[in-house]
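# Reading the structure
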Amino acid sequence: MNVPEMASVGPPAVPWPAPKAGKVHCVRRMDCALGEGLMWSGREQALYWVDILECELHRWEPEGGAHRCWTFEEEISALAERAGAPGLIVTLRRGFALFDPATDPAPRYLHQPEPERAANRFNDGKCDAQGRFWAGSMDFGCEAPTGALYRFDPDGRCSRHDDGFAVTNGPAWSHAGAPDGLRAPALFFNATAEGCTYRYDCDPDTGALSNRTLWKRWSAGDGLPDGMTTDAAGRLWIAHWGGACVTCHDPVTSAELARVPLPVSQVTNCAFGGADLRTLFITSARVGLSDDRLAAEPLAGSLFAVSVDAPGLPAHRFGG
């Protein structure tokens, strides 16, 4: 597909200030093969995340330090809370499922959208403001362009919105009221293996995507774009696989506004949490690292946190 570069749309109505971040801390030392899927639960004041390759769901309460882990029979990659019921919607290897940590012995599949793509698994995902769960699939070997972007609606309908990716990550959204100088709202999506971040116009009523443009092509020194989130000002925060950092960006120009270095190279996801949503939590991975690299990165696979001077946004809940 011939994807246009991001058009110049002029300066935003309000200049984008650079956020200030504190020192990164390892808040929970872990050996996650592939930490991912961060979500802060405001109603529980707890952080959820997953270890995809170990098929684990983790829950941790910063206040008091209580930690629980559930192990499933297949990979779990992303999650969101349900708005009108207890528990979570999650993505497993083959699609969308429900899981209530308080009562369910195992997740219950809702829909498997690509049975013909046996070599795929689902990866990153989250809900939009309308309670629809968006998630991407990917080639398990991270090579074949067989991954796609899906939307699962509260009424059970599932739709495919783009296709042809080896590894998918995100999405994140611009939001109404943000002075972003764009045709709001917009959906941002990472084609990780290709080193590209795309932007789509997103109709808030129908969920339809259009006008895919290349928002940023990342240089080799940056690593690859992985999980991401948006803060309350509309800026994008992006984790860098192989880049040992999280960066913050102007959503119009993609200009880097801040960089948070980490003591691990494979940085996988980030999400705001804490009572005031001013803590950026960050996951990492140790899969594929040599013994020498693991010796140099003893915290690979751990959970990190950094204080930021501006809040994030509450995680949207699934409407079903």
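This text goes with the structure placed above it.
Residues numbered from 1 in each chain as written. Predicted model: local features only at pLDDT ≥ 70, side-chain atom pairs only at ≥ 80, totals over all residues. Heavy atoms only, no water.

Here we come to the overall build of the protein. Helix and strand counts for the protein come out as one helix and 24 strands. Its C-alpha atoms give the protein a radius of gyration of 18 Å, near enough to 20 Å, the size a compact globule of 320 residues would have. In terms of overall dimensions, the protein has a C-alpha envelope of 50 × 45 × 40 Å along the principal axes. The buried share among the 320 residues of the protein stands at 57%. Contacts in the protein between residues at least 24 apart in sequence constitute 51% of all its contacts with a sequence separation of at least 6. When the accessible surface of the protein is split by element, carbon and sulfur atoms take 52% of a total near 12,700 Å². For the protein, the separation between the mean place of its 29 positive charges and that of its 40 negative charges on side chains is 3 Å. (Helix = DSSP H or I, 4+ residues; strand = E, 2+ residues; numbered from the N terminus. Rg over C-alpha atoms; globule rule 2.2 N^0.38 Å. Buried < 20%, exposed > 50% of the residue type's maximum accessible area, 1.4 Å probe, protein only. Contact = heavy atoms within 4.5 Å. Areas by Shrake-Rupley, 256 points an atom, 1.4 Å probe, with all protein chains shown as cover. Lys, Arg positive; Asp, Glu negative; His and termini not counted. Charge placed at Lys NZ, Arg CZ, Asp CG, Glu CD.)

Once that is clear, we can look at the side chain of Ser137. Relative to the helices and strands, Ser137 resides in strand β11 (residues 133–139). A residue is classified by how much of its surface remains accessible, and Ser137, at 0% relative accessible area, is buried. Those residues in contact with Ser137 that sit more than four places away from it in its chain are Glu114, Asn120, Arg121, Phe122, Asn123, Thr146, Gly147, Ala148, Tyr150 and Thr168.

Quick look at the environment of Glu256 now. Within the secondary structure, Glu256 is located in strand β21 (residues 256–261). Under the relative-accessibility criterion, Glu256 is labelled partly exposed at 40%. Separated by 167 residues in sequence, Glu256 and Ile89 place their C-alpha atoms 33 Å apart. When neighbours within four sequence positions are excluded, Glu256 is seen to be in contact with Thr247, Cys248 and His249. A distance of 2.9 Å separates the side chain of Glu256 from the side chain of Arg259, its partner in a polar contact. (Polar contact = N/O pair within 3.5 Å; in protein donor to acceptor, adjacent residues only side chain to side chain.)

By the definition in use, this model includes 23 salt bridges. Glu116 is the partner of Arg160 in a salt bridge, and the nearest nitrogen-oxygen pair spans 3.5 Å. Placement of Arg160 in strand β13 (residues 158–165) and of Glu116 in the loop between β9 (108–111) and β10 (120–127) is noted, with a sequence separation of 44 residues between them. Since its relative accessible area comes to 37%, Arg160 is described here as partly exposed. A salt bridge links Arg235 to Asp231; the nearest nitrogen and oxygen atoms lie 2.7 Å apart. Since its relative accessible area comes to 3%, Arg235 is described here as buried. We classify Asp231 as buried; its relative accessible area is 0%. Among the ionic contacts, a cluster of salt bridges with common partners joins Glu114, Glu116, Arg117, Arg160 and Asp163. (Salt bridge = Lys/Arg side-chain N within 4 Å of Asp/Glu carboxyl O.)

Within strand β18 (residues 224–230), six of the seven residues are buried, which leaves it mostly tucked inside the rest of the structure. For β18 and strand β19 (residues 236–241), the ladder comprises five bridges, and the chain directions are antiparallel. Note that in β19 the partner of Met228 across the bridge is Ile238. Joining the antiparallel neighbours β18 and β19 is a turn of five residues, in which Gly234 adopts a positive phi near 100°. (Pairing = 2+ DSSP bridges.)

The biggest cluster of nonpolar side chains holds 20 residues, and the ones touching the most others in it are Trp237, Val246, Leu262, Val267, Leu280, Ile282 and Val306. Looking at this core, the elements with two or more residues in it are β19, β20 (245–249), β21, β22 (267–273), β23 (279–284) and β24 (303–307). Broken down by element, this core gets its largest block of residues, three residues, from β22. Leu280 has contacts with Thr229, Trp237, Val246, Cys270, Ala271, Phe272, Phe304, Ala305, Val306 and Val308, leaving out every residue within four places of it along the chain. Judged by nonpolar contacts, the second largest core, of 16 residues, contains Val50, Ile76, Phe99 and Ala285. (Core = buried A, V, L, I, M, F, W, Y, C linked by side-chain atoms within 4.5 Å.)

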